[in-house]
Amino acid sequence: MTAQPPEPTPRPVPSGELRASHDDREAVVEQLRDAAAEGRIDLDELDSRLEQALTSKTYGELALLTADLPKPPSAAAENLPLLVLKGGMYGASRGPDRWEVPGHVIAHAGVGGVSLDFTRVECRLAEVVVEAYGETSGVTIVIPDGWATDTTGMDPGFGGIKDKTTPDRLPGTPLIRYRAAGRSGARRVSRPPR
(Lines give C-alpha, C1' and ligand atoms only; values in the text may rest on other atoms or scores of the structure.)
Protein backbone atom coordinates (compact mmCIF):
# COMPACT_ATOMS: atom_id res chain seq x y z
CA MET A 1 0.00 0.00 0.00
CA THR A 2 1.51 3.33 -1.06
CA ALA A 3 1.01 6.52 0.85
CA GLN A 4 -0.91 9.19 -1.01
CA PRO A 5 0.52 12.71 -0.81
CA PRO A 6 -1.82 15.09 0.99
CA GLU A 7 -4.10 17.22 -1.19
CA PRO A 8 -2.76 20.77 -1.44
CA THR A 9 -4.82 23.25 0.52
CA PRO A 10 -6.04 26.04 -1.77
CA ARG A 11 -4.78 29.42 -0.64
CA PRO A 12 -7.25 32.27 -0.50
CA VAL A 13 -6.89 34.61 -3.46
CA PRO A 14 -6.44 38.29 -2.49
CA SER A 15 -9.34 40.38 -3.78
CA GLY A 16 -7.06 42.37 -6.12
CA GLU A 17 -6.04 39.13 -7.86
CA LEU A 18 -9.60 37.96 -8.56
CA ARG A 19 -10.42 37.70 -12.25
CA ALA A 20 -12.43 40.56 -13.77
CA SER A 21 -15.46 39.97 -16.00
CA HIS A 22 -16.53 41.71 -19.23
CA ASP A 23 -19.01 43.77 -17.18
CA ASP A 24 -16.23 44.84 -14.77
CA ARG A 25 -14.07 46.01 -17.69
CA GLU A 26 -17.02 47.79 -19.33
CA ALA A 27 -17.81 49.66 -16.08
CA VAL A 28 -14.22 50.95 -15.95
CA VAL A 29 -14.39 51.95 -19.64
CA GLU A 30 -17.54 53.99 -18.93
CA GLN A 31 -15.90 55.65 -15.93
CA LEU A 32 -12.84 56.55 -18.02
CA ARG A 33 -15.00 58.02 -20.80
CA ASP A 34 -16.93 60.10 -18.24
CA ALA A 35 -13.63 61.32 -16.76
CA ALA A 36 -12.43 62.42 -20.20
CA ALA A 37 -15.73 64.21 -20.90
CA GLU A 38 -15.34 66.07 -17.57
CA GLY A 39 -11.78 67.11 -18.46
CA ARG A 40 -10.13 64.97 -15.76
CA ILE A 41 -7.95 63.08 -18.26
CA ASP A 42 -6.89 64.08 -21.79
CA LEU A 43 -7.61 62.07 -24.95
CA ASP A 44 -4.14 60.49 -25.15
CA GLU A 45 -4.43 59.28 -21.57
CA LEU A 46 -7.97 58.07 -22.26
CA ASP A 47 -6.77 55.97 -25.22
CA SER A 48 -3.97 54.48 -23.14
CA ARG A 49 -6.24 53.67 -20.18
CA LEU A 50 -8.98 52.24 -22.41
CA GLU A 51 -6.50 49.86 -24.01
CA GLN A 52 -5.29 48.75 -20.57
CA ALA A 53 -8.88 48.38 -19.30
CA LEU A 54 -9.91 46.16 -22.18
CA THR A 55 -6.90 43.86 -21.63
CA SER A 56 -7.00 43.81 -17.81
CA LYS A 57 -7.40 40.39 -16.27
CA THR A 58 -7.85 41.19 -12.54
CA TYR A 59 -9.69 43.63 -10.28
CA GLY A 60 -6.34 44.98 -9.14
CA GLU A 61 -5.32 45.93 -12.69
CA LEU A 62 -8.67 47.68 -13.23
CA ALA A 63 -8.44 49.49 -9.88
CA LEU A 64 -5.14 51.11 -10.90
CA LEU A 65 -6.79 52.71 -13.93
CA THR A 66 -9.42 54.58 -11.88
CA ALA A 67 -7.62 55.06 -8.55
CA ASP A 68 -7.15 58.80 -9.18
CA LEU A 69 -10.74 59.40 -10.39
CA PRO A 70 -13.81 60.15 -8.26
CA LYS A 71 -16.69 57.71 -8.54
CA PRO A 72 -20.04 59.27 -9.41
CA PRO A 73 -22.68 59.18 -6.67
CA SER A 74 -25.23 56.43 -7.06
CA ALA A 75 -28.83 57.40 -7.79
CA ALA A 76 -29.90 54.29 -5.89
CA ALA A 77 -28.43 55.71 -2.69
CA GLU A 78 -30.99 58.50 -2.69
CA ASN A 79 -33.88 56.02 -2.71
CA LEU A 80 -32.70 54.02 0.30
CA PRO A 81 -33.86 54.92 3.80
CA LEU A 82 -31.69 56.81 6.23
CA LEU A 83 -30.18 54.81 9.11
CA VAL A 84 -29.76 56.66 12.41
CA LEU A 85 -27.83 55.00 15.26
CA LYS A 86 -27.70 56.52 18.75
CA GLY A 87 -25.08 55.20 21.15
CA GLY A 88 -26.83 56.54 24.24
CA MET A 89 -25.54 55.13 27.54
CA TYR A 90 -24.77 51.59 26.36
CA GLY A 91 -23.65 51.99 22.76
CA ALA A 92 -25.08 50.88 19.44
CA SER A 93 -23.72 48.78 16.63
CA ARG A 94 -24.58 47.44 13.20
CA GLY A 95 -22.78 44.28 12.08
CA PRO A 96 -20.74 42.10 11.92
CA ASP A 97 -23.83 40.12 10.83
CA ARG A 98 -25.32 40.91 7.43
CA TRP A 99 -27.38 44.08 7.20
CA GLU A 100 -28.81 46.25 4.45
CA VAL A 101 -26.64 49.28 3.79
CA PRO A 102 -28.53 52.49 3.08
CA GLY A 103 -27.02 55.42 1.19
CA HIS A 104 -26.80 57.57 4.32
CA VAL A 105 -25.94 56.65 7.92
CA ILE A 106 -25.97 59.06 10.87
CA ALA A 107 -24.17 57.90 14.02
CA HIS A 108 -24.50 59.77 17.34
CA ALA A 109 -21.98 58.15 19.69
CA GLY A 110 -23.40 59.43 22.97
CA VAL A 111 -21.66 57.91 25.99
CA GLY A 112 -21.54 54.28 24.79
CA GLY A 113 -20.22 54.84 21.24
CA VAL A 114 -21.30 53.49 17.86
CA SER A 115 -19.70 50.73 15.80
CA LEU A 116 -20.43 50.10 12.09
CA ASP A 117 -19.01 46.88 10.65
CA PHE A 118 -19.32 46.58 6.85
CA THR A 119 -17.26 43.38 6.52
CA ARG A 120 -20.17 41.00 5.79
CA VAL A 121 -22.51 43.22 3.81
CA GLU A 122 -23.20 43.20 0.11
CA CYS A 123 -23.41 46.80 -0.97
CA ARG A 124 -24.15 47.71 -4.58
CA LEU A 125 -24.00 51.45 -3.96
CA ALA A 126 -21.18 53.55 -5.40
CA GLU A 127 -21.05 55.66 -2.24
CA VAL A 128 -22.29 55.52 1.33
CA VAL A 129 -22.28 58.71 3.39
CA VAL A 130 -21.59 58.22 7.10
CA GLU A 131 -22.06 61.23 9.38
CA ALA A 132 -20.33 60.64 12.71
CA TYR A 133 -20.96 62.76 15.78
CA GLY A 134 -18.40 61.76 18.41
CA GLU A 135 -19.92 63.43 21.48
CA THR A 136 -18.48 61.77 24.62
CA SER A 137 -17.53 58.45 22.99
CA GLY A 138 -16.35 57.65 19.50
CA VAL A 139 -17.61 56.16 16.26
CA THR A 140 -15.75 53.19 14.76
CA ILE A 141 -16.13 51.94 11.18
CA VAL A 142 -14.69 48.66 9.91
CA ILE A 143 -14.55 48.16 6.13
CA PRO A 144 -13.46 45.13 4.10
CA ASP A 145 -10.37 45.00 1.90
CA GLY A 146 -11.01 46.62 -1.46
CA TRP A 147 -13.31 49.32 -0.06
CA ALA A 148 -12.03 52.85 0.44
CA THR A 149 -12.91 55.84 2.61
CA ASP A 150 -12.82 59.57 2.10
CA THR A 151 -12.24 61.40 5.38
CA THR A 152 -11.56 64.84 3.89
CA GLY A 153 -14.97 66.14 5.00
CA MET A 154 -14.24 65.59 8.69
CA ASP A 155 -13.68 68.04 11.51
CA PRO A 156 -11.31 66.20 13.88
CA GLY A 157 -12.51 68.02 17.00
CA PHE A 158 -10.82 67.03 20.25
CA GLY A 159 -11.01 63.27 19.69
CA GLY A 160 -9.28 63.21 16.32
CA ILE A 161 -9.54 60.85 13.37
CA LYS A 162 -7.69 57.55 13.03
CA ASP A 163 -7.84 56.19 9.50
CA LYS A 164 -6.03 52.84 9.28
CA THR A 165 -7.19 52.06 5.73
CA THR A 166 -5.46 52.43 2.38
CA PRO A 167 -6.77 54.23 -0.70
CA ASP A 168 -6.74 50.96 -2.69
CA ARG A 169 -10.25 50.50 -4.02
CA LEU A 170 -11.47 47.70 -6.24
CA PRO A 171 -13.94 48.37 -9.07
CA GLY A 172 -17.53 47.83 -8.02
CA THR A 173 -16.88 48.49 -4.33
CA PRO A 174 -18.33 51.46 -2.48
CA LEU A 175 -16.59 54.55 -1.22
CA ILE A 176 -17.44 55.38 2.39
CA ARG A 177 -17.66 59.18 2.52
CA TYR A 178 -17.01 59.82 6.20
CA ARG A 179 -18.20 63.17 7.53
CA ALA A 180 -18.08 64.27 11.14
CA ALA A 181 -18.58 67.18 13.43
CA GLY A 182 -16.09 67.92 16.21
CA ARG A 183 -16.54 67.40 19.97
CA SER A 184 -14.55 65.02 22.07
CA GLY A 185 -15.04 61.46 20.79
CA ALA A 186 -12.55 59.87 18.42
CA ARG A 187 -13.56 58.61 15.00
CA ARG A 188 -11.82 55.52 13.65
CA VAL A 189 -11.85 53.75 10.29
CA SER A 190 -10.05 50.42 10.02
CA ARG A 191 -9.80 47.10 8.24
CA PRO A 192 -11.02 43.95 9.99
CA PRO A 193 -8.47 42.28 12.26
CA ARG A 194 -6.53 39.45 10.68
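Structure report, in brief. (Residues numbered from 1 in each chain as written. Predicted model: local features only at pLDDT ≥ 70, side-chain atom pairs only at ≥ 80, totals over all residues. Heavy atoms only, no water.)

1. Re the overall build of the protein
Working step 1: Counting secondary structure elements, the protein contains four helices and 10 strands.
Working step 2: Ordered by position in the sequence, the α and β elements of the protein form the string α-α-α-α-β-β-β-β-β-β-β-β-β-β.
Working step 3: Looking at the protein residue by residue over its 194 residues, the buried ones come to 45%.
Working step 4: Put simply, 69% of the contacts in the protein that link residues at least 6 apart link residues at least 24 apart.
Working step 5: Roughly 11600 Å² of accessible area belongs to the protein as shown, and the carbon and sulfur atoms make up 53% of that amount. (Helix = DSSP H or I, 4+ residues; strand = E, 2+ residues; numbered from the N terminus. Buried < 20%, exposed > 50% of the residue type's maximum accessible area, 1.4 Å probe, protein only. Contact = heavy atoms within 4.5 Å. Areas by Shrake-Rupley, 256 points an atom, 1.4 Å probe, with all protein chains shown as cover.)

2. Concerning the packing of aromatic side chains
Working step 1: For the structure shown, the criterion picks out two aromatic pairs.
Working step 2: Centre to centre, the rings of W99 and F118 are 5.2 Å apart; their planes meet at 40 degrees, and the pair counts as tilted. You can see W99 sitting in the loop between β2 (92–94) and β3 (104–108) and its partner F118 sitting in the loop between β4 (114–117) and β5 (127–133), a full 19 residues away along the chain.
Working step 3: For the ring pair F118 and W147, a centre distance of 5.7 Å and an interplane angle of 45 degrees mean the geometry is tilted. With F118 in the loop between β4 and β5 and W147 in the loop between β6 (139–142) and β7 (148–150), this residue pair connects regions lying 29 residues apart in the sequence. (Phe/Tyr/Trp six-rings, centres within 6.5 Å; stacked < 30°, edge-to-face > 60°.)

3. Here's the deal with a negative patch on the surface
Working step 1: Taken together, the side chains of D42, D44, D47 and E51 define an acidic patch exposed on the protein surface.
Working step 2: With respect to the helices, strands and loops of the structure, D44 is situated in helix α2 (residues 43–55). (Patch = residues over 30% accessible without salt bridge, like charges linked within 9 Å, V, L, I, M, F, W, Y side chains within 5 Å. Salt bridge = Lys/Arg side-chain N within 4 Å of Asp/Glu carboxyl O. Lys, Arg positive; Asp, Glu negative; His and termini not counted. Charge placed at Lys NZ, Arg CZ, Asp CG, Glu CD.)

4. Describing the environment of L85
Working step 1: Relative to the assigned elements, L85 resides in strand β1 (residues 82–86).
Working step 2: Between the C-alpha atoms of L85 and V105, which are 20 residues apart in sequence, the distance is 7.8 Å.
Working step 3: Beyond its immediate sequence surroundings of up to four residues, L85 is in contact with R94, I106, A107, H108, V114 and L116.

5. Focus on unusual backbone geometry
Working step 1: Residues G95 and P96 are joined by a peptide bond in cis, for which omega reads 10 degrees.
Working step 2: Mapped onto the secondary structure, P96 falls in the loop between β2 and β3.

6. Quick word on the pattern of salt bridges
Working step 1: Throughout the structure, instances matching the rule amount to six salt bridges.
Working step 2: The salt bridge involving E30 is made with R33; its shortest N-O contact spans 3.4 Å. Separated by three residues within a single helix, E30 and R33 lie in helix α1 (residues 22–37), roughly one turn from each other.
Working step 3: By relative accessible area, which is 35% here, E30 ends up partly exposed.
Working step 4: Since its relative accessible area comes to 41%, R33 is described here as partly exposed.

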